[in-house]
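Residue-level structural notes
For reference, the chains in residue letters:
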Amino acid sequence: MHIKGIVFRKSLMSKALLTIVLFVSSLLFSVNVHGQSAQAEANFAVCRACHTIGGGKLVGPDLKGVTEKMDEAWLIKFIQNSQSLVQAGDPEAVKIFEEYNKIPMPPHNYSDEQVKDILLYIKNGGKVAGAAETVTGVEETHVEKKAIETGGEQLVAEGKREDIRHMSVTFIVMVVIIVIALVDLFITKIIRYKWIHTVLILIALAVISEIVFREAAALGRQQYYQPDQPIWFSHKVHAGQNRIDCEYCHFTADKSMYAGIPPVKVCMNCHSQVKKGKITGKKEIAKIYAALKNNKPIEWVKVHNLPDHVYFNHAQHVKVGKVKCQSCHGHVEKMDQIIQVNTLSMGWCMDCHRTRNIDISNKFYDKYTKLHDKIKNGEIVKATVIDIGGEECSQCHY
Ligand code: HEC
Ligand code: HEC
Ligand code: HEC
Ligand code: HEC
Ligand code: HEC
Ligand code: HEC
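Anyway, here's the lowdown on the structure attached to this text. (Residues numbered from 1 in each chain as written. Chains lettered and ligands numbered in written order. Predicted model: local features only at pLDDT ≥ 70, side-chain atom pairs only at ≥ 80, totals over all residues.)

Of all residues adjacent to ligand 2, which total 21 residues, the nearest are His250, Tyr258, Ala259, Cys325 and Cys328. Elements represented by at least two residues in the shell around ligand 2 include exactly helix H12 (246-249), helix H15 (314-320) and helix H16 (325-329). If you tally residues by element for the shell around ligand 2, the top one is H16, at 4 residues. For the shell around ligand 2, a count of residues per class yields 12 nonpolar, 8 polar and 1 charged. (Near = placed C-beta within 6 Å. Helix = DSSP H or I, 4+ residues; strand = E, 2+ residues; numbered from the N terminus. Nonpolar A, V, L, I, M, F, W, Y, C, P; charged D, E, K, R; others polar.)

In structure tokens, the structure reads:
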């Protein structure tokens, strides 16, 4: 089938792209000057949800300098199973456990060697020795900055909802004016001059068609859509206060078309231990356990929806384009409840594609190399997404 064919080609393309990305990064990361293996960074990924190295505390303490503070044997035991140390009454383990509000660190099924490797990675300040710093060199455009600034502010959303309410009130008033004018024209005949009826009706019709036109253009769009969710899950608590990385939960965002919603298993990485919250106590977290017990996935309501004829790929934007989640979704880390802050209209996609410079150092495709040469020759000064086809219908439409 025609449509299937295109889907297939796109997925092949993104697979090829991913392979190249993986290949290039494995080249970068295989350099191994200080002895830790390439695997250390990958193994540290689970820790990153709760720890930084030199970036301040998250759910757990900042791990910078921990390898100097504690001896290796203790660290190995603690990382493999901190609770066994706490329960055995180890004074250091008990102290830090109390200090962190008795949020227990989950056990990790790593061998001594793997933990040593991670410790070396921590000691190196979280850098893989020899790896090139990822320089993005991508500037946010003013459109994007504006989107980030206004996005997520609940107030803006409230304001827009007011607008919508005003619009429906206006609509009703106009209909009433037409009805009254018609009734007077044919029945009551209070106003003597017929042109007054005509003018009133024409104005009302003009206003109504303006409203209908605007509404029709927005049909199927759901800006400021904010459905209630089955569990009171707060991004503010998780991504904001506890600074959990977006991609810890939405772990496919940089690898696939979909960002995906985390399965219950991911919640349990922490909630097997964290049993109550400051705001909702045990009530909401209990729903996670119920879902697990009944072996039923949590039925989250999807907030962002593009029509079926549009192709949108997260990995292309997040990984290749290095576009921040917030550029499109607003300040999610400040939201207790997710709200769609952008229209997701074709114009919205285009506004960014027209203005946003792309990172030419991504030399994955031929088009990039050609653009690179053009910039070097002084033919063009910069390249936007348009230059790589971001305005071609077939790029976004099946
Ligand atoms: C779910 C969150 C979470 C994850 C995941 C996690 N930790 Fe922790 N970690 C904590 C908390 C909370 C503490 C504070 C001690 C406690 O409450 O038990 C801690 C304490 C530590 C300490 C002791 C720090 C000190 O100052 O003494 C080390 C070392 C540590 N974690 C390393 C790791 C490593 C390595 C990983 C990954 C393999 C990891 N953690 C994964 C939450 C976590
Ligand atoms: C260029 C804009 C853009 C960026 C950047 C972006 N998203 Fe999205 N996101 C969208 C659009 C558009 C949809 C709706 C997709 C659909 O309905 O097919 C969406 C949907 C989602 C969904 C719903 C589930 C899904 O996969 O469709 C989640 C979750 C999500 N995004 C999270 C993220 C996270 C986390 C990041 C950053 C790592 C991110 N997004 C970056 C535009 C973006
Ligand atoms: C990386 C660790 C981590 C993961 C993963 C995680 N949480 Fe949490 N969660 C926390 C922490 C820490 C708190 C805050 C506890 C507190 O405020 O005392 C919390 C609090 C909560 C609360 C209570 C909020 C409140 O303040 O009342 C709910 C509900 C919740 N989480 C649901 C979820 C769901 C659903 C998932 C899976 C989609 C999930 N969590 C995944 C760490 C995590
Ligand atoms: C602890 C896990 C967790 C973290 C961390 C997290 N999310 Fe989510 N996210 C979820 C869950 C669960 C949902 C579904 C419930 C909801 O919509 O609130 C969700 C929904 C979303 C949606 C709406 C998807 C839709 O239905 O259209 C977006 C957008 C999103 N997240 C973006 C982000 C961004 C951006 C970050 C980082 C700032 C982030 N998330 C961090 C768990 C998480
Ligand atoms: C905030 C900015 C931004 C928004 C909004 C945005 N994009 Fe993009 N898009 C990018 C960037 C940057 C790239 C270039 C990635 C790269 O370097 O390959 C891109 C590339 C693409 C490509 C690949 C183009 C090509 O020729 O390789 C498609 C398809 C695409 N976007 C679709 C969409 C759709 C559909 C929407 C709206 C639902 C959208 N984008 C919204 C920034 C954005
Ligand atoms: C950057 C991505 C992108 C490109 C390029 C693009 N479109 Fe779209 N298009 C969209 C999105 C997103 C929607 C959904 C809009 C909405 O819901 O309002 C859409 C909707 C449409 C619609 C349906 C209108 C509607 O109101 O539902 C038509 C027709 C259309 N596009 C035609 C085109 C044509 C023709 C081209 C080439 C000149 C093109 N598009 C290029 C993203 C794109």
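Okay, the packing of helix H4 (residues 72-80) against helix H7 (residues 112-123) next. Between H4 and H7, the shortest axis-to-axis distance is 10 Å and the interhelical angle comes to 110 degrees. Judged on the interaxial angle alone, H7 and H4 are roughly perpendicular. Within the contact between the two elements, H4 uses Glu72, Leu75, Ile76, Ile79 and Gln80 and H7 uses Asp112, Val115 and Leu119. For the contact of H4 with H7, a count of residues per class yields 5 nonpolar, 1 polar and 2 charged. (Axes fitted to C-alpha atoms, helices over the stretch in contact; angles between N-to-C directions. Parallel < 35°, antiparallel > 145°, perpendicular 65-115°, else oblique. Contact = placed C-beta atoms within 7 Å.)

For the rest of this paragraph, the subject is the environment of Gly60. One can find Gly60 in the loop between helix H2 (39-48) and helix H3 (66-69). Along the backbone, Gly60 and Cys47 are 13 residues apart, and their C-alpha atoms lie at a distance of 9.3 Å. Beyond its immediate stretch of four places on either side in the chain, Gly60 contacts Cys50, His51, Tyr100 and Met105.

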